Amino acid sequence: MWKLLCVTLALLICAKDSLSQLNVCGRPPLNPRIVGGVDAPEGSWPWMASLHSNGGHFCGGSLINNEWVLTAAHCLIGIDKSDVLVYLGKMSQQGAKTNEITRTIKDIVYHHLPFDQNTYDNDIALLRLSSTVTFTDFIRPVCLAAQNSVFATNTNGWITGWGDVGRNTHLPPPGTLQEATVLVLENSKCDPLCYEKITNNMICAGLRNGGRGHWKGDSGGPMVSRQCSLWVQSGIISWTEDCAMPDKPDGYTRVSQYQQWITDNTGPNLPGFVLFNPPDPCSATSRTSTSCHGRCNEKYNAGNVCNCNAGCKTKCCSDYNQQCMR
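Residue numbering note: each chain is counted from 1, following its sequence as written. Residue-level local features of this predicted model are given only where pLDDT is at least 70; pairs of side-chain atoms are given and counted only at 80 or more, and the full residue set underlies all totals for whole chains, interfaces and linings. The basis for every side-chain value is the complete set of non-hydrogen atoms in the structure, without hydrogens or water.

1. Topic: the overall build of the protein
In this text, helices come from DSSP runs of H or I with a minimum length of four residues, and strands from runs of E with a minimum of two, each type numbered from the N-terminal end. Counting its secondary structure elements, the protein contains six helices and 14 strands. For every residue, the accessible area (1.4 Å probe, protein chains only) is compared with the maximum for its type, and the residue is labelled buried under 20%, exposed over 50%, or partly exposed between those bounds. The buried share of the protein, reckoned over its 326 residues, is 56%. Of the roughly 14400 Å² of accessible surface on the protein, 52% is carried by carbon and sulfur atoms. Areas reported as accessible are Shrake-Rupley estimates using a 1.4 Å probe. Residue values count occlusion only from the protein chains shown.

2. Let's talk about the pattern of salt bridges
What makes a salt bridge here is a side-chain nitrogen of Lys or Arg within 4 Å of a carboxyl oxygen of Asp or Glu, nothing more. Evaluation of the coordinates by the stated rule reveals five salt bridges. Between Asp107 and Lys81 there is a salt bridge whose closest N-O contact spans 3.9 Å. A residue pair is termed long-range when its members are at least 10 positions apart, and Asp107 in strand S5 (residues 101-110) and Lys81 in the loop between strand S3 (68-71) and strand S4 (85-88) qualify at 26 residues. You can call Lys81 partly exposed: its relative accessible area is 35%. Ionic pairing is found between Arg140 and Asp137, a salt bridge with its closest N-O pair at 3.8 Å. Residue Asp137 is classed as partly exposed on the basis of its relative accessible area, which comes to 34%.

3. A closer look at empty space enclosed by the protein
Rolling a probe over the atoms, with the probe sized like a water molecule, indicates the empty space that remains. Buried and open spaces are told apart on a 1 Å grid over the protein atoms alone, a cavity being a set of points where a 1.4 Å probe fits but cannot get out and a pocket being an open set with protein on both sides within 12 Å along at least five of seven lines. Residues with an atom within 4 Å of a point are the lining residues. Grid points are joined across faces, edges and corners, and a volume is the space filled by probe spheres set on the points. Counted by the stated rule, this structure contains one cavity of 30 Å³ or more. Here the largest cavity defines a volume of roughly 90 Å³. Pro41, Glu42, Gly43, Ser44, Trp45, Pro46, Met48, Gly89, Lys90, Met91, Phe138 and Leu177 are the residues that line the largest cavity. The nonpolar class holds Ala, Val, Leu, Ile, Met, Phe, Trp, Tyr, Cys and Pro. Asp, Glu, Lys and Arg form the charged class, and all remaining residues, Gly among them, are polar. When grouped by side-chain class, the residues that make up the lining of the largest cavity number seven nonpolar, three polar and two charged.

4. So, the side chain of Thr155
If you trace the backbone, Thr155 turns up in the loop between strand S7 (143-145) and strand S8 (156-161). Those residues in contact with Thr155 that lie beyond four places of it in its chain are Val182, Leu183, Val184, Ser225 and Phe276. The contact criterion used is simple: two residues touch if any of their non-hydrogen atoms lie within 4.5 Å.

5. Here we look at the nonpolar core
Residues Trp45, Leu70, Val86 and Ile262 are the most contacted members of the largest nonpolar core, which totals 45 residues. Only strand S1 (48-53), strand S2 (56-63), S3, S4, S5, strand S6 (125-129), strand S12 (230-239) and helix H3 (259-265) provide two or more residues apiece to this core. With four residues, S6 is the largest single contributor of residues to this core. Those residues within four positions of Leu70 in sequence are excluded, and the remaining contacts are Gly61, Ser62, Ile64, Ile124, Ala125, Leu126, Leu144, Gly220, Gln233, Ile236, Val255 and Ile262. What is meant by a nonpolar core is a set of buried Ala, Val, Leu, Ile, Met, Phe, Trp, Tyr and Cys residues, joined one to another through side-chain atoms within 4.5 Å. Judged by nonpolar contacts, the second largest core, of 18 residues, contains Cys143, Phe151, Ile203 and Tyr252.

6. A few points about the environment of Cys190
Among the structural elements, Cys190 can be located in helix H2 (residues 187-190). Along the primary structure Cys190 and Thr153 are separated by 37 residues, whereas in three dimensions their C-alpha atoms are 9.8 Å apart. The residues contacting Cys190, other than those within four sequence positions of it, are Leu185, Ile198, Cys204 and Pro249.

7. Regarding the sheet that holds S6
As summarised here, the arrangement of the six strands in space is S1-S2-S3-S6-S5-S4, forming a closed barrel in which the pairing is antiparallel. In this sheet, adjacent strand axes meet at a mean angle of 45° when their direction is disregarded. Bridge analysis of S4 against S5 gives four bridges, and the strand direction is antiparallel. Looking at S5, one finds that Tyr87 is bridged to Thr102. Pairing between strands is defined by DSSP: at least two bridges between them are needed. As a rule, the C-alpha atoms of each element are fitted with a line to give its axis, helices using only the stretch in contact, and angles between N-to-C directions run from 0 to 180 degrees.

8. Quick word on the packing of aromatic side chains
By convention here, two paired aromatic rings are described through the distance between centres and the angle between planes. Each Phe, Tyr or Trp ring (for Trp, its six-membered ring) is paired with any other whose centre lies within 6.5 Å, and the angle between the two planes then decides the class: stacked below 30 degrees, edge-to-face above 60, tilted in between. Per the counting criterion, the structure on display carries seven aromatic pairs. Seen in terms of ring centroids, Phe151 and Phe276 are 4.4 Å apart; in terms of plane orientation they differ by 10°. Their pairing is stacked. You can see Phe151 sitting in the loop between S7 and S8 and its partner Phe276 sitting in the loop between strand S14 (273-274) and helix H4 (284-288), a full 125 residues away along the chain. Neither Phe151 nor Phe276 differs from the other in exposure class; each is buried. On the numbers, 6.4 Å between centres and 75° between planes, the contact of Tyr258 with Trp261 is edge-to-face. The pair Tyr258 / Trp261 is uniform in exposure class, with both members buried. Ring pairs connect the aromatic residues Trp45, Trp47, Trp158 and Trp231, which therefore count as one cluster. To sit over a ring, a charge needs its Lys NZ or Arg CZ within 6 Å of the ring centre and within 35 degrees of the ring normal. When the ring centre of Tyr87 is taken as reference, the NZ or CZ atom of Lys90 above it lies at 4.1 Å.

What follows is the structure, encoded as structure tokens:
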């Protein structure tokens, strides 16, 4: 019951602006888990798009409805739309192609405030597909973070892509889609680590000890976080100072800042916008409860013992089970 209530509340918050995709966005039928490995299981991220030019992958993107893909503006510098092929439902860059489809590009839409190649501000673009796609278990849109969404420090983010796996190290054959977890760092804490280049249109994420992050070829892909049963895109992979190095968070375009622009340009078939703002950590319910009830997507904090109560391993949600068993 609590899951149904939580999802219903999340949907009602944004229903006024985005009814058309909320019944399908952010719900991958083949990805019920919270954690995973390095290779992403097929169908885990059904909104993931692979952009190709001259016969090869060059950037990622995310499907936001049946006609539009969201990506980074810097991916398209020097690229003609007639040269871009979009793959959806793709698992590996090589091998069997059972569930994938392709589309060419009808239009590229850039933000009215130009992308700044020095600061990477406004690093966002929309790709209109040559024809609409039919949703399957392997091809579905992601929900988008609505304006005023809050991604506090230590919010879990998932990034996916087919980019390099190390400095000058290409993804080895068969080029399976990679996934990794990172932690959001609030802009005020991130800015001093990133040469004071962070704007309100950006969101930072990484790991204190490094080791995970995005590399060449991952740009344009999504960073997503889970709220209740929905996966919500918070960021677009944009820039990095020192790939996956300690105390060097990476930069992402903050999707919630562009809700109005996306709405204005995608016509009547609106993406599903969801207000992301999990409850405060260590709620009154979780201090006494040994079940999931009332704890949907609380912000995890290692200092909050209530997050790891005695019944956690057997009675709590899978995300808390994972956190408590670390």
